[in-house]
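Coordinates in review
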Amino acid sequence: AQSVTQLGSHVSVSEGALVLLRCNYSSSVPPYLFWYVQYPNQGLQLLLKYTSAATLVKGINGFEAEFKKSETSFHLTKPSAHMSDAAEYFCAVSRTNTGNQFYFGTGTSLTVIP
Amino acid sequence: ETGVTQSPTHLIKTRGQQVTLRCSSQSGHNTVSWYQQALGQGPQFIFQYYREEENGRGNFPPRFSGLQFPNYSSELNVNALELDDSALYLCASSPGGLTYEQYFGPGTRLTVT
């Protein structure tokens, strides 16, 4: 069985501060892992994905995430928060063999304080 | 290149009615997945269609059904609507059954009263 747990349903950071959004996964096989962002009343946009290549993955808008197998984690970071980063962030896991099901976390709402 | 589109944007239905939601996949994509996102929750996988065949299903009852057409567009049908079916329904398309390359549409907001 596969699932993801996002620690912290709400995270607030000051503009210019480090953003850290946490995601832990459980998977019986090596997973594919993803981070998506959702702005109000919109669909999901892929930020980055891990598909068993480099463990440090760089995505769009300055975000990156590191796959740590020993910790079963895939935390999302950004060195300096911008006001436009305020959104809902979802971590997701997929099976590697067929990839035909995604399992999303419950999401973390990021607020950026000016 | 046209992205994933969904229609309608919003709709309101009454409990017990039936609804059809539509999705046009991104050009070149032959796989469509549907998700239900309740308010304040992450998306839940409903099912996936690959080359017009169902290719995986989540934990949803049979009153949730789907179709994929030869042009790879897709429909999600929900019968006997319940209040808990109120949600944002998201469609995602991907090439060649590779879900990790999936791209999402803006969603259809369904309200059941």
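These lines cover the structure that appears in this document, whether it is placed above or below.

What counts as what
Residues numbered from 1 in each chain as written. Chains lettered and ligands numbered in written order. Predicted model: local features only at pLDDT ≥ 70, side-chain atom pairs only at ≥ 80, totals over all residues. Heavy atoms only, no water. Helix = DSSP H or I, 4+ residues; strand = E, 2+ residues; numbered from the N terminus. Rg over C-alpha atoms; globule rule 2.2 N^0.38 Å. Buried < 20%, exposed > 50% of the residue type's maximum accessible area, 1.4 Å probe, protein only. Salt bridge = Lys/Arg side-chain N within 4 Å of Asp/Glu carboxyl O. Contact = heavy atoms within 4.5 Å. Buried area = accessible area lost by both parts, 1.4 Å probe. Polar contact = N/O pair within 3.5 Å; in protein donor to acceptor, adjacent residues only side chain to side chain. Disulfide = S-S within 2.5 Å.

**Notes on the overall build of chain B**
A tally of helices and strands in chain B yields 0 helices and 11 strands. Sequence-ordered secondary structure for chain B, helices as α and strands as β, is β-β-β-β-β-β-β-β-β-β-β. Against the 2.2 N^0.38 benchmark of 13 Å for 113 residues, chain B shows a C-alpha radius of gyration of 13 Å, consistent with a compact globule. Considered along the principal axes of its C-alpha atoms, chain B spans approximately 40 × 25 × 25 Å.

**Thoughts on unusual backbone geometry**
All names here are of chain B. Cis geometry marks the peptide bond from serine 7 to proline 8; its omega dihedral reads -5°. One non-glycine residue, tyrosine 72, lies in positive phi territory at about 75°. Here tyrosine 72 lies in the loop between β7 (64–68) and β8 (74–78). By relative accessible area, tyrosine 72 is classed as partly exposed at 29%.

**Some remarks on the pattern of salt bridges**
Residue and element names in this part refer to chain B. Summed over the entire model, instances satisfying the criterion amount to 6 salt bridges over all chains. For glutamate 54, the salt bridge identified is with arginine 57, shortest N-O distance 3.5 Å. The salt bridge involving arginine 63 is made with glutamate 82; its shortest N-O contact spans 3.3 Å. Highlighted residues: arginine 63 in the loop between β6 (53–57) and β7 and glutamate 82 in the loop between β8 and β9 (87–94), separated in sequence by 19 residues. When its relative accessible area of 17% is taken as the criterion, arginine 63 is described as buried.

**Digging into the interface of chain A and chain B**
A common way to express how large an interface is: the accessible area buried when the components associate. Each partner contributes to the interface: chain A provides 18 residues, whereas chain B provides 21 residues. Interface of chain A and chain B: buried area, both sides summed, is about 1500 Å²; carbon and sulfur atoms make up 53% of it. Between chain A and chain B we count 1 residue pair in polar contact (both at pLDDT 80 or more) in total. Counting residues per element, the ones that place at least two in the side of chain A that touches chain B are β4 (32–38), β5 (44–50) and β10 (102–104) of chain A. A per-element tally of the side of chain A that touches chain B places β4(A) first, with 4 residues.

**A short note on the environment of B:Thr108**
All names here are of chain B. Assignment of secondary structure puts threonine 108 in strand β11 (residues 108–112). A relative accessible area of 0% places threonine 108 in the buried class. Spatially, the C-alpha atom of threonine 108 lies 11 Å from that of leucine 76, the residues being 32 residues apart in sequence. Apart from the residues lying within four places of it in its own chain, the contact partners of threonine 108 are Gln6, Ser7, Pro8, Thr9, Leu11, Leu21, Ala87, Leu88 and Tyr89. Among the polar contacts made by the side chain of threonine 108, one reaches the main-chain carbonyl oxygen of proline 8 at a distance of 2.5 Å.

**Some words on the state of the cysteines**
Residue and element names in this part refer to chain B. In total, this model carries 2 disulfides over all chains according to the counting rule given. At a sulfur-sulfur separation of 1.7 Å, the disulfide partner of cysteine 23 is cysteine 91. Taking the sign of the S-S torsion, about -50° here, the bridge from cysteine 23 to cysteine 91 comes out left-handed. Of this pair, cysteine 23 sits in strand β3 (residues 19–24) while cysteine 91 sits in strand β9, and the two are 68 residues apart along the sequence.

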